[in-house]
Amino acid sequence: MTINETKNPKMNTEFAKDILQGLSENPKSLPSKYFYDTKGDKLFQDIMHMDEYYLTNCEFEIFTNQKEALTKSFTDGSNAPFELVEFGAGDGLKTKVLLRHMVASEVDFTYMPIDISANALSKLTQSLKSEIQALHVKGIENDYFKALHDLQNDGKKKVVLFLGSNIGNLTLAEAKGFLNHLSENLNKGDKLLIGMDLKKDPQVILDAYNDKAGITSSFNLNLLERINEELDADFDVEAFQHFPNYDPITGQTKSYLISKKEQVVKLKGIEEEIKFEAWEPIYMELSRKYDLKEIEALAHESGFEISKHFFDKRNYFVDSLWEK
Ligand code: AVI
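Reading the values: rules and limits
- Residues numbered from 1 in each chain as written.
- Predicted model: local features only at pLDDT ≥ 70, side-chain atom pairs only at ≥ 80, totals over all residues.
- Heavy atoms only, no water.
- Core = buried A, V, L, I, M, F, W, Y, C linked by side-chain atoms within 4.5 Å.
- Buried < 20%, exposed > 50% of the residue type's maximum accessible area, 1.4 Å probe, protein only.
- Contact = heavy atoms within 4.5 Å.
- Phe/Tyr/Trp six-rings, centres within 6.5 Å; stacked < 30°, edge-to-face > 60°.
- Helix = DSSP H or I, 4+ residues; strand = E, 2+ residues; numbered from the N terminus.
- Lys NZ or Arg CZ within 6 Å of the ring centre and 35° of its normal.
- pLDDT = per-residue confidence, 0-100.
- Pairing = 2+ DSSP bridges.
- Axes fitted to C-alpha atoms, helices over the stretch in contact; angles between N-to-C directions.
- Arc of directions from axis to C-beta.
- Parallel < 35°, antiparallel > 145°, perpendicular 65-115°, else oblique.
- Patch = residues over 30% accessible without salt bridge, like charges linked within 9 Å, V, L, I, M, F, W, Y side chains within 5 Å.
- Areas by Shrake-Rupley, 256 points an atom, 1.4 Å probe, with all protein chains shown as cover.
- Salt bridge = Lys/Arg side-chain N within 4 Å of Asp/Glu carboxyl O.
- Lys, Arg positive; Asp, Glu negative; His and termini not counted.
- Charge placed at Lys NZ, Arg CZ, Asp CG, Glu CD.

S.K.: Looking at this structure, how should I read the nonpolar core?
M.R.: One broad trend across soluble globular proteins is that nonpolar side chains are buried collectively. With 66 residues, the main nonpolar core has Phe 74, Leu 84, Tyr 111 and Ile 227 as its most contacted residues. The contacts of Ile 227, once residues within four sequence positions are left out, are Phe 15, Ile 19, Leu 30, Asp 232, Ala 233, Phe 235 and Leu 267. Within the second largest apolar cluster, 28 residues are counted, among which are Ile 114, Val 160, Leu 192 and Ile 295.

Below you can see the structure in the form of C-alpha cells.
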C-alpha cells in the first residue's frame, strides 16, 4: 500500500503524509516548515532574541539606521500611493520601525501583510492598529502568490518585503522557482526588498545555529514532540541530539537530529513504525548563506535589477532592493 492509499483518516492530513514520506526516505528528513506550531513559534521568538542569532539584530539595525534611505528608495521621490506587501511578517518587529517612520513622513501607502494563518494576521493587524494609529493596513489571508496575483491589476505600484533570510530555508532551485513566480506576479517598476544572510566567519554562523542555551536544539526537537502529539507517536526526544554544520563553499548550514542509539519509533496514529540505526541522522533544515555574486545572479535570473544593497555595520546581512 502506498502512502496515499491508506484507509486511516489521520493519514489524510498533509502533515501526516509529509512526515511519513520524510521518515521513509534514505537519508531521513523532516520538513522545517512544520517547526512552527504554537511552541515552535515561541521558540523561534526566543531564537530571535539570542545574542548568537545575529540575523535579527542585523536586520533590525539596518531598518533602524537606514529607514530614511529605505523609504526614499521605495518611492523614488514620487508622491504616488503604493502598496507595501509583506510575505510572512511574523510579529512585524522590524517592519514596525519602518512603518512608524513612513507614517510620520506622511508617505502615501497601504501596508498589506500576507499570511496563510488568520490568527497570526489578526494578531499583527490589531497590534499595528493600536501602535501606529494613522497606518492604513489591510491584512490578506491567502497564499503569497495568489494574493499577489489578485493585486497585480489594481493599478498601484508594489514594494514586496521578504525579510529575515526566509529565502535561506529554500534550496537554490526552490529559491529560483520562488523568485520567478514572484516576478511573474509583479509589474515593471515594482520592487522587492529581500533579506539575505551573507557568507562570513563560519564560526559565527555555526554559533547562531548551535547556541549554548540549547534553544535551537529544543526548536528542532519540538518537531518530534509535535509528531508525538499529532500522530500519536513515541519519539523519545532524549534519544536524539541536535547537530548543525556549515559548508563554507556552498554556504549551506544544515541541521540534523541524530539518533543516539538503534531504536524503533511507533507512529500509532498512522499505524507505522520507523527504525533508526545508531547515529542515523534526520535532516531537519537548510539555512543557506549567500555572497553578493550569487545574489546578483539570482536577481537577474528571476527578471530583477538590483537597485541597492543595505548592509548592517559588520556586513553580516543584506536587505537587497530589486526592481522588476
Ligand atoms: C526562519 N529562518 C530564516 C530561520 C533560519 O535562520 O534559517 C529559522 C531558524 N532555524 C534555526 N534558527 C533559526
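Once you've had a look at it, read on.
S.K.: What is the right way to read the packing of aromatic side chains from this model?
M.R.: Aromatic ring pairs: the centre-centre distance and the angle between the two ring planes describe each pair. Inspection of every chain in the model, using the stated rule, returns 21 aromatic pairs. Where Phe 87 meets Phe 178, the ring centres are 6.2 Å apart and the plane angle is 90°; that geometry is what we call edge-to-face. Of the two residues, Phe 87 sits in strand E2 (residues 82-87) while Phe 178 sits in helix H8 (residues 172-184), which places them 91 residues apart along the sequence. Here a set of aromatic residues connected by ring pairs shows up, and it is made of Phe 35, Tyr 36, Phe 44, Tyr 53, Tyr 209 and Phe 219. Stacked on the ring of Phe 310, the Lys or Arg Lys 308 has its end atom at 5.0 Å from the ring centre.

S.K.: Before we go on, may I ask you to explain the confidence of the model for the protein in this structure?
M.R.: For any part of a model where pLDDT is low, the fine detail of the predicted coordinates should not be relied upon. When the pLDDT values of the protein are averaged, the result is 94; 97% of them are 70 or greater. Confidence over residues 1-5 falls short of pLDDT 50; this stretch has 6 contacts with residues more than four positions distant or in other chains.

S.K.: Is there a simple way to explain the sheet that holds strand E8 (residues 252-259) in this structure?
M.R.: Strand pairing in a sheet relies on backbone hydrogen bonds, with the paired strands running either antiparallel or parallel. With mixed pairing, the 4 strands of this open sheet are ordered in space as E1-E11-E8-E7. Edge positions in the sheet fall to strand E1 (28-29) and strand E7 (240-247), since each has one partner strand and no second. By the bridge criterion, 8 bridges tie E7 to E8 in an arrangement that is antiparallel. By the bridge assignment for E8, Asp 247 is matched with Gln 252. Seen against the sheet, helix H10 (residues 215-230) touches E7, E8 and strand E11 (281-288) and runs at an angle of roughly 120° to E7.

S.K.: What is the right way to look at the environment of Leu 224 in this model?
M.R.: Mapped onto the elements, Leu 224 comes out in helix H10. Sequence separation of Leu 224 and Asp 236 is 12 residues, and the distance between their C-alpha atoms is 8.4 Å. Apart from residues no more than four positions distant in its own chain, Leu 224 is found in contact with Leu 30, Phe 235, Val 237, Phe 240, Leu 257 and Ile 282.

S.K.: Can you walk me through helix H1 (residues 14-24) in this structure?
M.R.: Residues spaced three or four apart along an α-helix face the same direction, because each turn holds 3.6 residues. Every buried residue of H1 is listed here: Phe 15, Ala 16, Ile 19, Leu 20, Gly 22 and Leu 23. What you see down the axis of H1 is that its buried residues fit within an arc of 165°, all on one side. Lining the buried residues of H1 we find E1, H10, strand E9 (263-267), strand E10 (272-276) and E11.

S.K.: Can you help me understand the sheet that holds strand E13 (residues 317-323) in this one?
M.R.: As summarised here, the arrangement of the 7 strands in space is E4-E3-E2-E5-E6-E13-E12, forming an open sheet in which the pairing is mixed. Strands at the two margins of the open sheet, each flanked by one partner only, are strand E4 (140-141) and strand E12 (305-311). Relative to strand E5 (residues 157-162), E2 is paired through 5 bridges, and the arrangement is parallel. Within the sheet, the bridge partner assigned to Phe 82 lies in E5 and is Lys 157. Against the sheet, helix H4 (residues 67-75) contacts E2, E5, strand E6 (191-197), E12 and E13, and its axis sits at roughly 140° relative to E6. Together, E2, E5, E6 and E13 form the strand contacts of H8, whose direction differs from that of E6 by roughly 165°.

S.K.: What's the story with the packing of helix H2 (residues 38-48) against H10 in this structure? I'm lost.
M.R.: When two helices pack together, their arrangement is given by the angle between the helix axes and the distance between those axes. Between H2 and H10, whose axes approach to 9 Å, the crossing angle comes to 170°. As judged from the angle between their axes, H2 and H10 are roughly antiparallel. Facing Lys 39, Gly 40, Leu 43, Phe 44, Asp 46 and Ile 47 of H2, the residues of H10 in contact are Ile 215, Thr 216, Ser 218, Phe 219, Asn 222 and Glu 225.

S.K.: So what exactly am I meant to see when it comes to a negative patch on the surface here?
M.R.: Residues Asp 232, Asp 234, Asp 236, Glu 238, Glu 271, Glu 272 and Glu 273 make up a contiguous surface patch of negative charge. As for its position among the elements, Glu 271 is in the loop between E9 and E10.

S.K.: What's the story with the pattern of salt bridges in this structure? I'm lost.
M.R.: Two side chains that carry opposite charge are able to pair once their charged atoms sit near each other. Following the criterion strictly, the structure yields 19 salt bridges and no others. Notably, a salt bridge pairs Asp 197 with Lys 200, separated by 2.8 Å at the nearest N-O pair. Under the relative-accessibility criterion, Lys 200 is labelled buried at 14%. Between Glu 262 and Lys 275 there is a salt bridge, with the nearest N and O atoms lying 3.5 Å from each other. Taken as a pair, Glu 262 in the loop between E8 and E9 and Lys 275 in strand E10 lie far apart in primary sequence, 13 residues in all. Because the salt bridges share partners, they merge into one network encompassing Asp 76, Lys 191 and Glu 323.

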